[in-house]
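Descriptive analysis of the structure
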Amino acid sequence: MKCSRLNQEMADPERPDTGARAKAVALRYDAVDGAPRVVAKGRGLLAEEIIERARAAGVYVHESPELLSLLMQVDMDERIPPALYVAVAELLAWLYRLENGDSSTPEQPASPPDSDHAA
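Residues numbered from 1 in each chain as written. Predicted model: local features only at pLDDT ≥ 70, side-chain atom pairs only at ≥ 80, totals over all residues. Heavy atoms only, no water.

**Some points on the pattern of salt bridges**
The tally for this structure, following the rule as stated, stands at two salt bridges. For aspartate 33, the salt bridge is made with arginine 37, and the minimal N-O distance between the two is 3.0 Å. Using a relative accessible area of 17% as the deciding quantity, one classes arginine 37 as buried. A salt bridge links arginine 53 to glutamate 49; its shortest N-O distance comes to 2.7 Å. Placement of the pair is arginine 53 and glutamate 49 together in helix α1 (residues 45–56), with a separation of four residues, close to one helical turn. Glutamate 49 sits in the partly exposed class, given a relative accessible area of 33%. (Salt bridge = Lys/Arg side-chain N within 4 Å of Asp/Glu carboxyl O. Buried < 20%, exposed > 50% of the residue type's maximum accessible area, 1.4 Å probe, protein only. Helix = DSSP H or I, 4+ residues; strand = E, 2+ residues; numbered from the N terminus.)

The structure is reproduced here in structure tokens:
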């Protein structure tokens, strides 16, 4: 099963510019890999393009500044580090339940642990 998810931190395009620079990281999970990979990441216009393409493709865009900060440290096409497995697994499980209409789904997954161990 392949699954693509995006994390983002950006100003709402419907609101005036707050001066915040957009950032985005896209993950892809394939069970063969054993862990999600960073398949796209960027800042500014590139981040906005990543987010726009994800939404156009029907991919859920999740906002988590803490997780985003850690994922931005992971190199392109690299698997996420073990320190992020739990946070990303919780996010993917939450999205799976959300997409499958589970009404007992909590508001949002837990925040990632405070960590400077991302590769």
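What follows continues from the structure just given.
**Side note on the confidence of the model for the chain**
Taken as a whole, the chain shows an average pLDDT of 79; of its residues, 69% reach a score of 70 or greater. Strand β1 (residues 2–9) is the least confidently modelled element of the chain, averaging 50 in pLDDT, while strand β3 (residues 37–43) averages 97, the highest of any element. Every residue in residues 8–19 is under pLDDT 50, and counting partners more than four places away or in other chains gives 18 contacts. Across residues 115–119 the pLDDT falls below 50, and counting only partners more than four positions away or on other chains, this stretch makes 12 contacts in the model. (pLDDT = per-residue confidence, 0-100. Contact = heavy atoms within 4.5 Å.)

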